[in-house]
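# Per-entry structural report
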Amino acid sequence: MSRIGKRPITVPAKVQVTINGAKIVVKGPKGELSRDLPANVSVAQEGETLSVNRRDDTRTSRQLHGLCRTLVANMVEGVSQGFQRRLEIQGVGYRAAVQGRNLVLNMGYSHQVQIAPPEGIQFAVENNTNVIVSGYDKEIVGNTAAQVRAVRPPEPYKGKGIRYSGEAVRRKAGKTGKGKK
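Thresholds applied
Within any chain, residue numbers begin from 1 and follow the written order of that chain's sequence. Local features in this predicted model are restricted to residues of pLDDT 70 or higher, and side-chain atom pairs are both shown and tallied only at a pLDDT of 80 or more, whereas totals for entire chains, interfaces and linings draw on every residue. As a rule here, side-chain values come from all non-hydrogen atoms in the structure, and water together with hydrogens is ignored. Here a strand is any run of E in DSSP of at least two residues, a helix any run of H or I of at least four, and the numbering for each starts at the N terminus. Partly exposed residues are those whose accessible area sits between 20% and 50% of the maximum for their type, while under 20% is buried and over 50% is exposed, using a 1.4 Å probe and protein chains only. Between rings of Phe, Tyr and Trp, where Trp is taken as its six-membered ring, a pair exists when centres lie within 6.5 Å; planes separated by under 30 degrees are stacked, by over 60 edge-to-face, and by other angles tilted. In this analysis the charged atom, NZ for Lys or CZ for Arg, is taken to sit over a ring once it is within 6 Å of the ring centre and within 35 degrees of the ring normal. Contacts described as polar in this section are N or O atom pairs within 3.5 Å, which, within protein, must combine one atom able to donate a hydrogen with one able to accept it, while residues neighboring in sequence count only if both atoms come from side chains. Throughout, a residue-residue contact means that at least one pair of heavy atoms, one from each residue, lies within 4.5 Å. Whether two strands pair comes down to DSSP finding at least two bridges between them. To obtain an axis, a line is fitted to C-alpha atoms, over the contacting stretch when the element is a helix, and the angle between two such axes runs from 0 to 180 degrees between their N-to-C directions.

The phi torsion at Asn 127 lies on the positive side, around 55°, for a residue other than glycine. In this fold, Asn 127 is placed in the loop between strand E11 (121-126) and strand E12 (130-135). Here Asn 127 falls in the exposed class, since its relative accessible area comes to 66%. The backbone phi angle of Asn 128 is positive, close to 65°, even though this residue is not glycine. One can find Asn 128 in the loop between E11 and E12.

See the structure below:
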């Protein structure tokens, strides 16, 4: 049995779960998420807990068991608490700002880069160099943070660019500076 798949999911009081065959809908104070689960996996609700079970012991059912449990748990956590990714901007003159709902980045290009958030995503900026991407869908939060990071990924010589908070950037040595003899 999958160690992750057999763990029950606790549903908070303010979250409402509806199971209709292979479709699960989770509503909470932050928003509403729905997902179609594979036929190999079923979800059962007993009071305040959800349990994800597999229908048989085939290889694909075993593979999907833990995945589906994690996806459902992320849906429940997202609509109740939400998710966020923090990004740090490093480099002289590099900064970020929020104009309306859009994120505006000055990253050393000849123009400003504007990123419009998808539905359910909010941007926040602290001290012009810390960007916070938040929302209730973990997948969209991660994809949006990756789009922001892709504007100027950290370079290996000076470490300038946009990186995830806590991300370690491998640094390279520059030129040795040896002259002719």
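Now for the packing of aromatic side chains. On inspection of all chains with the given rule, the structure shows zero aromatic pairs. Above the plane of the ring of Tyr 164 lies Arg 85, whose end atom (NZ or CZ) is 4.3 Å from the centre.

Before going further, it helps to examine the side chain of Asn 106. Looking at the secondary structure, you find Asn 106 in strand E9 (residues 102-106). Side-chain polar atoms of Asn 106 contact the side chain of Gln 112, separated by 3.3 Å.

Moving on to the side chain of Ser 61. Topologically, Ser 61 is positioned in helix H1 (residues 59-80). What makes Ser 61 buried here is its relative accessible area of 0%. Within the local environment of Ser 61, its side chain forms a polar contact with the side chain of Asp 56, the two groups lying 2.5 Å apart. Not counting the four nearest positions on each side in its chain, Ser 61 is found in contact with Asn 40, Arg 54 and Asp 56.

With that settled, consider the environment of Ile 89. Residue placement: Ile 89 occurs in strand E7 (residues 83-90). The exposure class assigned to Ile 89 is buried, which follows from its relative accessible area of 6%. Placed 74 residues apart in sequence, Ile 89 and Val 15 show a C-alpha to C-alpha distance of 36 Å. Those residues in contact with Ile 89, other than ones at most four positions away along the chain, are Tyr 94, Arg 95, Ala 96, Leu 105, Met 107, Asn 128, Thr 129, Val 131, Gly 161 and Ile 162.

Here we have four strands laid out as an open sheet, ordered E11-E12-E7-E13, and antiparallel in their pairing. At either margin of the open sheet sits one strand with a lone partner, and together these are E11 and strand E13 (161-164). Adjacent strand axes in the sheet meet at a mean angle of 25°, parallel and antiparallel pairs treated alike. Pairing geometry for E7 and E12, over six bridges, is antiparallel. Counted as the bridge partner of Arg 85 is Val 133 from E12. Where helix H2 (residues 138-150) meets the sheet, its contacts fall on E7, E11, E12 and E13, and the angle it forms with E7 comes to roughly 10°.

In short, shape yes, function no, at least from these values alone.
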